[in-house]
Amino acid sequence: MGRKSALLSAREKTCEKRQVAKMQILDINQKDYDQKRPVYEDIKIDTAFRKISPRSIGFHVWRIQQDHVETLPKEQYGTFYDECAYVIYAASLAGTTCDKSTISREIKTAGAAIERNIHFWLGANIPAERSKSAAYKIIELDLHLDHKTTQFRESQGNEGIRFLSYFKDDGILVHSGSDASSTPTDPRLYQISGTAPQRCVQQKTISWQCFNSGQVMILQTATIVFVWIGRSTGSVERIFGIRMGERLKQQHAIAELAIVDDGYEQSMSIARKEVWNGYLNLAKRFVKPMPLTPTVAERLLKLYHCDTVNGVFRVELVKTGALEQADLYGRDSIYIVDYFPQAIWIWIGRSSHKQNRAEAMRHVRGYVIKKGYPAGTPVARVIDGLEPAEFVSLFPAWTSADINGNTVKGLSEKFDALTLIQRPRMAAKIQLMDDGSGDMTVYQIGIDEVKEIPNKYAKTFYSGNCYAVHYEVACSTENANGSLPNSIRNVVYLWCGLNAPPEHRTIGEAFLAELCEHLKKNVVQVRIAEGMEPPHFLQIFKGSLIVLNAQDPSLEQAGAVVNIRQYPTSFVLKVVGNATYTCKAVQVSSKTLYYPEDCYILKAPDNEVWIWCGQYSTGDSREMAKSIAGQLGEYSLVMEGNETDEFFNSVGEKFLKQLKKTTTAGNIITPAVQTNVAQTWDRAVIGLYRCQLLEDGKPTLRQIFGFSQQDLRPDSIFLLDAGSIVYVWIGEQTVVEERAQCWELARQLIATHPVQRDTAMPIAAVRQGEEPITFVGFFDSWDRKRFESCVLYENLRSEIEYPNGVGAGGRLPGAPIPVPRSSVRSDDGSGDDFDRYQKYPLDMLRGDAANLPASVNPTRKEIHLTHDDFVTVFSMTYHEFEELPKWKQVELKKQQKLF
């Protein structure tokens, strides 16, 4: 269906909905706006903006003054003041990313598409007038660029993923005030927050009230920069905190950098403790637990049509739930896509009046205010034909078009698998890691045992069973230098039929884990469900996989190997796909409609095997049908319209009646068009997410925009969402708690994605250093030795505290160093990992047990003391206390009112 006809169809459907249901209508009145209406004819472009060529790429930052903008030098990029507003302009070639290091240059290539993004950033304490000035300034810059930009409103602490990606290398530093003279150089207190990248924000006051165990804090004094490490922080936050501390130390020529651990403040040297107490008295120490992430209501996409009626901007709800590109119809239309709290988008048709483009951000802000959303809710304006990746990702399918409406052609060329493995980018597109010529072993999962299936029967699966497939990557994929392009040698698949009992799946998952443990290294584990087979899985069966309904009768046989394969007396198989990496044959019922575009394999009651080919079937489909039918025995091929009496006598009347239903003139039902695998790949909407376990053990996913290999860290787990498969990348330094949740993390990502997807889609677990080319190809470049030089928190800390390999690092001798952690535990009865338990003030733990948090076991209150409090109360460390007899521990706890 062409885009024009799709748009017309969507318009008809929307009109029908409006007739049968009362739509929600909102009028945005004058009181709902936080800025005046711009008059298009009166807009004058600032001199600083006129220096930017519309045909150049680059990165620019301006600070908003009262009546003009101040151009900032590159060394100040990423540094902001919380009473100021900034305009950021990022331009790059379409399909590429941009950041603060991008060098400005003119693009002289005719027809080269440039993506232009304007952000205006508002500090948390900005005066209203400066905020309004920023809103007007982006209109000026947008006008200078002929309205061919995407606009984003960013507020401190609520920045979007694209904005944050500009500053990944050094993070964001936010000072208090409007300029460097607003606050004294020392003392200052900074708080580290956020991920990918982190933000270092100066606090208004220096107080223990600013501290919580989930933050890294920096106390900047005249002689020492203290980096305080909250015990619930991860290594990424800790590394950034130390790097930022070094940056402030160098910038202000401060003599010393000191690292202080949460709960171990008393372990500082006397000299350092004296300086610290001058600003934050340890006698008044109070550190709050890491705040729990508030439960976010289920995100729901809403589409509003916008219009101006009698001078009032009106929005009308036209759709809720999954959106289609065709819902955005009309070249002069305006829509709001509400995906609160992530973002609110206003979409402007390419033929819409320029005044509408200038007013768009004002209108969408009015909508936010009218709806009662928080003031910091991200909003953005997009132009038809210039939609950014973040917006496109809200739709299940998107046909790209330029600003003039010309469709951008997709990838249609077919690729040979052997060529693809030498080109990781192509291998990722088509999801083939080799040509499937390696050795394969298939196992059938049963309740009591796992049976190996001989190769001659291994290509037939039953939907009532689960199967494990161990594939050894072909050695024929070696490069000229003798090294494998894949970092893996084995792939283990778990295939679960739609009707397989849950216990079979559980046994299969355990068997795969055991098999991976046996193989030890160079292995990828993939879980797939019937109907969602990835290309490489089909390729190792050479496109000849047969899936039959019900359970395999041979499962009931005794013995470790399935030696026979009993087929049903008669059945019909539909051939799906037309290449070895897209093809399989699935059993269909007698009620299934038959299409002239397809090929079918029929096993008749008289044991004859027939291939029936629709008149519009392709030669490739017929060849694949022959390959599959050959497994069933000798076969005969007939074309639609040329069926013989022998054929109809053999297959029976049911099939004949079904054929008549679909081939009668005027009654042919066209099936959904099968898209080439390569055409479904869109690099712009592939997402990388960092996983993190919070205080309550619940996982969170943080998307990284414009990702690269440098974003992958050995101490974290990442999810790569490739649309048709989700890869779980497991760093070798990750903790057991995170690894155990890797499959659930992937399912969470699939379930919460704005585009509704099948939760049974394939999931692959990839370990650091064992990445297949089907994973590597999603990155612009890949260095297999990079992780060898990746800085770890423990190593960085050792370099600072023991620069010459000696010294106590400014701490008392023997003081332990808490390790980074990804979660904080409640009491499970064990005494391990003292620092992983939530910590509470001594007075609270000595108080009424009824007022204690639910995670505290009243008989083991001592594990919720900080190290310093523990030593003060018991005059020994926790580990020394653990070596005492149990009766002695109880006696001491009773003496200290902790039992």
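Everything below is about the structure shown above.
Remember, predicted model here, so these are calculated numbers, not experimental data.

What counts and what doesn't
- Residues numbered from 1 in each chain as written.
- Predicted model: local features only at pLDDT ≥ 70, side-chain atom pairs only at ≥ 80, totals over all residues.
- Heavy atoms only, no water.
- Phe/Tyr/Trp six-rings, centres within 6.5 Å; stacked < 30°, edge-to-face > 60°.
- Buried < 20%, exposed > 50% of the residue type's maximum accessible area, 1.4 Å probe, protein only.
- Helix = DSSP H or I, 4+ residues; strand = E, 2+ residues; numbered from the N terminus.
- Pairing = 2+ DSSP bridges.
- Axes fitted to C-alpha atoms, helices over the stretch in contact; angles between N-to-C directions.
- Contact = heavy atoms within 4.5 Å.
- Parallel < 35°, antiparallel > 145°, perpendicular 65-115°, else oblique.
- Left-handed = near helix turned anticlockwise from the far one by under 90°.
- Nonpolar A, V, L, I, M, F, W, Y, C, P; charged D, E, K, R; others polar.
- Expected span 1.5 Å × (residues − 1).

Chemist: I'd love a proper account of the packing of aromatic side chains, names of residues and values included.
Modeler: Applying the stated rule across the entire model yields 52 aromatic pairs. Ring geometry for Phe-80 versus Tyr-86: centroids 4.9 Å apart, planes at 85°, classification edge-to-face. Judged by relative accessible area, which is 1%, Tyr-86 ranks as buried. Where Phe-870 meets Phe-874, the ring centres are 4.7 Å apart and the plane angle is 45°; that geometry is what we call tilted. Of the two residues, Phe-870 and Phe-874 both sit in helix H21 (residues 867-874), four residues apart, roughly one turn of that helix.

Chemist: Break down the sheet that holds strand S30 (residues 609-613) for me, citing the residues and quoting the values.
Modeler: Strand order in this open sheet of seven strands is S22-S26-S28-S27-S29-S30-S31, and the pairing throughout is mixed. Here the strands that pair on one side only, and so sit at the sheet edges, are strand S22 (460-462) and strand S31 (635-639). Direction aside, neighbouring strands of the sheet carry axes that sit 25° apart on average. Inspection of the sheet shows strand S27 (residues 571-576) paired to strand S29 (residues 599-603) by five bridges, in the antiparallel sense. Pairing of Phe-571 across the sheet is with Lys-603, part of S29. Across the face of the sheet, helix H13 (residues 619-629) comes into contact with strand S26 (546-548), S27, strand S28 (584-588), S29, S30 and S31 while running at roughly 20° to S29.

Chemist: Lay out the packing of helix H5 (residues 235-251) against helix H19 (residues 793-801) in plain terms, naming residues and giving numbers.
Modeler: A pair of packed helices can be characterised by two numbers: the angle between their axes and the separation between those axes. The geometry of H5 relative to H19 is characterised by a closest axis approach of 9 Å and an angle of 30° between their N-to-C directions. With respect to H19, the axis of H5 lies roughly parallel. In this structure, H5 crosses over H19, and the sense of that crossing is left-handed. On H19, the residues that touch Ser-235, Arg-238, Ile-239, Ile-242, Arg-243 and Glu-246 of H5 are Tyr-793, Leu-796 and Ile-800. Of the residues contributing to the contact of H5 with H19, the split by class is five nonpolar, one polar and three charged.

Chemist: For helix H3 (residues 128-144), give the residues involved together with the corresponding values.
Modeler: If you check H3, its first and last C-alpha atoms are 25 Å apart, about what 17 residues at 1.5 Å a residue would give, namely 24 Å. Among all positions of H3, only Ser-131, Ser-133, Ala-134, Ala-135, Lys-137, Ile-138, Ile-139, Glu-140, Leu-141, Asp-142 and His-144 are buried. A positive phi of about 60° marks Asp-146, the residue just after H3.

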